[in-house]
Amino acid sequence: SRRDSTSMQSARQNLPASPSGFKERFNFDAVSEAKLAGITLRLQVYDHDRISSNDFIGEVSVKLVNIHPNTVEHMRMELLPKDEELTRLESLSPDSAPYGKLLLTLNYLSLEQVLIVKIVRATDLPPMDTNGLADPYVKCYLHPDPNKNTKQKTKTISKTLDPEFDEEFRYPVKRADLRGKTLAVTVWDYDWNSANDFIGSVYFSESETGVPYRHFMDCINIPNCAHTVWHTLQFERRPL
């Protein structure tokens with residue numbers, strides 16, 4: 001995934017270069033089928049240099065959502081220049097949050113068959129205006145939602161990077177159906193004289209990884225309980 005740089009593996013160099021390839025296999029443990037959709041495999045090719053640092057040649061990225069489990073797939077892909085933004089994000093420590101953090105509560109009420117999403121507050125948002133502050137608000141959707149009927153939005157909190165929202169949204173949905181849904185939570189900066197600016201997002205579904213995945217699954221598996229968790233915002237907008 002774009003924030004996980006701990007699963008790095010490398011192949012030995014081929015001397016001399018051979019068109020037959022490396023013929024090596026890497027194994028990544030503890031990757032469930034449910035998490036594959038949220039993972040991107042990044043492969044980089046370098047030229048080994050005994051005297052100075054190794055030279056970058058090119059890279060490819062493969063979204064594992066397109067890979068079918070228990071099958072062998074062969075791909076021929078063109079090497080591309082280094083994705084500098086992805087490299088920058090991977091270099092950040094796990095505690096870094098360049099787009100801020102969001103505290104929210106998920107609670108599935110089994111008798112009412114409704115998902116409660118409470119937007120509590122955000123912190124350390126990036127400054128979006130010339131005054132060094134922002135005018136943030138939060139939008140929520142429960143996808144698939146082609147007509148945007150599930151859109152919910154908080155009030156805008158003016159001139160702050162640490163807004164307190166304390167707003168609650170209700171989504172009527174059967175518990176069994178919730179497993180096939182994606183909760184999209186996005187944070188925006190309101191601008192009265194131009195288009196609003198995107199700040200960051202967090203997505204919840206069975207196909208996510210890390211904290212969002214655990215938070216979502218806890219909500220489903222342990223209903224009638226308020227699960228409140230901090231989430232690191234990502235600069236990611238998905239065409240759901």
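Residues numbered from 1 in each chain as written. Predicted model: local features only at pLDDT ≥ 70, side-chain atom pairs only at ≥ 80, totals over all residues. Heavy atoms only, no water.

## Remarks on the overall build of the protein chain
Looking only at helices and strands, the protein chain has 3 helices and 10 strands in total. Taken from the N to the C terminus, the helices and strands of the protein chain come in the order β-β-α-β-β-β-β-β-α-β-β-α-β. Taking all 240 residues of the protein chain together, 35% fall into the buried category. For the protein chain, restricting intrachain contacts to residue pairs at least 6 apart in sequence, the fraction spanning at least 24 positions comes to 58%. (Helix = DSSP H or I, 4+ residues; strand = E, 2+ residues; numbered from the N terminus. Buried < 20%, exposed > 50% of the residue type's maximum accessible area, 1.4 Å probe, protein only. Contact = heavy atoms within 4.5 Å.)

## Comments concerning the nonpolar core
Judged by nonpolar contacts, the single largest core of 33 residues is most densely connected at Leu 102, Leu 115, Ile 119 and Val 185. Looking at this core, the elements that each hand over two or more residues are β3 (101-109), β4 (114-123), β5 (136-143), β7 (164-172), β8 (182-189), β9 (197-204) and α3 (210-221). Among the elements that make up this core, the one with the highest residue count is α3 (5 residues). Ignoring sequence-local partners within four residues, the contact set of Ile 119 consists of Leu 102, Leu 103, Leu 104, Val 138, Cys 140, Thr 154, Phe 165, Asp 166, Glu 167, Phe 169 and Val 185. (Core = buried A, V, L, I, M, F, W, Y, C linked by side-chain atoms within 4.5 Å.)

## So, the sheet that holds β3
One open sheet accounts for 4 strands, arranged β7-β4-β3-β10; its pairing is antiparallel. Here the strands that pair on one side only, and so sit at the sheet edges, are β7 and β10 (227-232). If you compare each strand with its neighbour and ignore which way they point, the axes differ by 20° on average. Strand direction decides the pairing type here: β3 and β4, joined by 9 bridges, are antiparallel. Across the sheet, residue Leu 109 finds its bridge partner in β4, namely Val 114. (Pairing = 2+ DSSP bridges. Axes fitted to C-alpha atoms, helices over the stretch in contact; angles between N-to-C directions.)

## With respect to the layout of surface pockets
By volume, the second largest pocket is sized at about 280 Å³. Lining the second largest pocket we find 14 residues, and of these Tyr 141, His 143, Lys 148, Arg 237 and Arg 238 sit closest to its centre. Listed by contribution, the elements that provide at least two residues to the lining of the second largest pocket are β5 and β8. (1 Å grid on protein atoms, 1.4 Å probe; cavity = no way out; pocket = protein on both sides within 12 Å on 5 of 7 lines; lining within 4 Å. Points joined across faces, edges and corners; volume = space filled by probe spheres on them.)

## Concerning the sheet that holds β5
If you trace the 4 strands from one edge of the open sheet to the other, you get β6-β5-β8-β9, paired in antiparallel fashion. Of all strands in the sheet, those with a lone pairing partner are β6 (152-153) and β9, marking the two edges. Two strands pair when backbone bridges link them, and β5 and β6 are joined in this way by 2 bridges, in the antiparallel orientation. Paired with Cys 140 across the bridge in β6 is Gln 152.

## Describing α3
Each α-helix winds once per 3.6 residues, and so residues spaced three or four apart point in a common direction. Counted at 1.5 Å a residue, the expected span for α3 with its 12 residues is 16 Å, and the 16 Å between its end C-alpha atoms agrees. Of the residues making up α3, those classed as buried are Pro 212, Tyr 213, His 215, Phe 216, Met 217, Cys 219 and Ile 220. On the buried face of α3, the contacting elements are β3, β4, α2 (175-178), β9 and β10. (Expected span 1.5 Å × (residues − 1).)

## Points about unusual backbone geometry
Each neighbour pair has its own omega, and for His 143 with Pro 144 the value is 5°, a cis peptide bond. Structurally, the position occupied by Pro 144 is in the loop between β5 and β6. Its identity as a non-glycine residue notwithstanding, Gln 113 has a phi of 55°, on the positive side. Assignment of secondary structure puts Gln 113 in the loop between β3 and β4. We note that Asp 166 has phi near 50°; this positive angle belongs to a residue other than glycine. With respect to the element layout, Asp 166 can be found in strand β7. The partly exposed category is assigned to Asp 166, whose relative accessible area is 46%.

## As for the confidence of the model for the protein chain
Scored by pLDDT, the protein chain has a mean of 84; 80% of the residues are at 70 or more. Between residues 1-6, whose pLDDT stays under 50, and residues either more than four places distant or in other chains, the model counts 17 contacts. (pLDDT = per-residue confidence, 0-100.)

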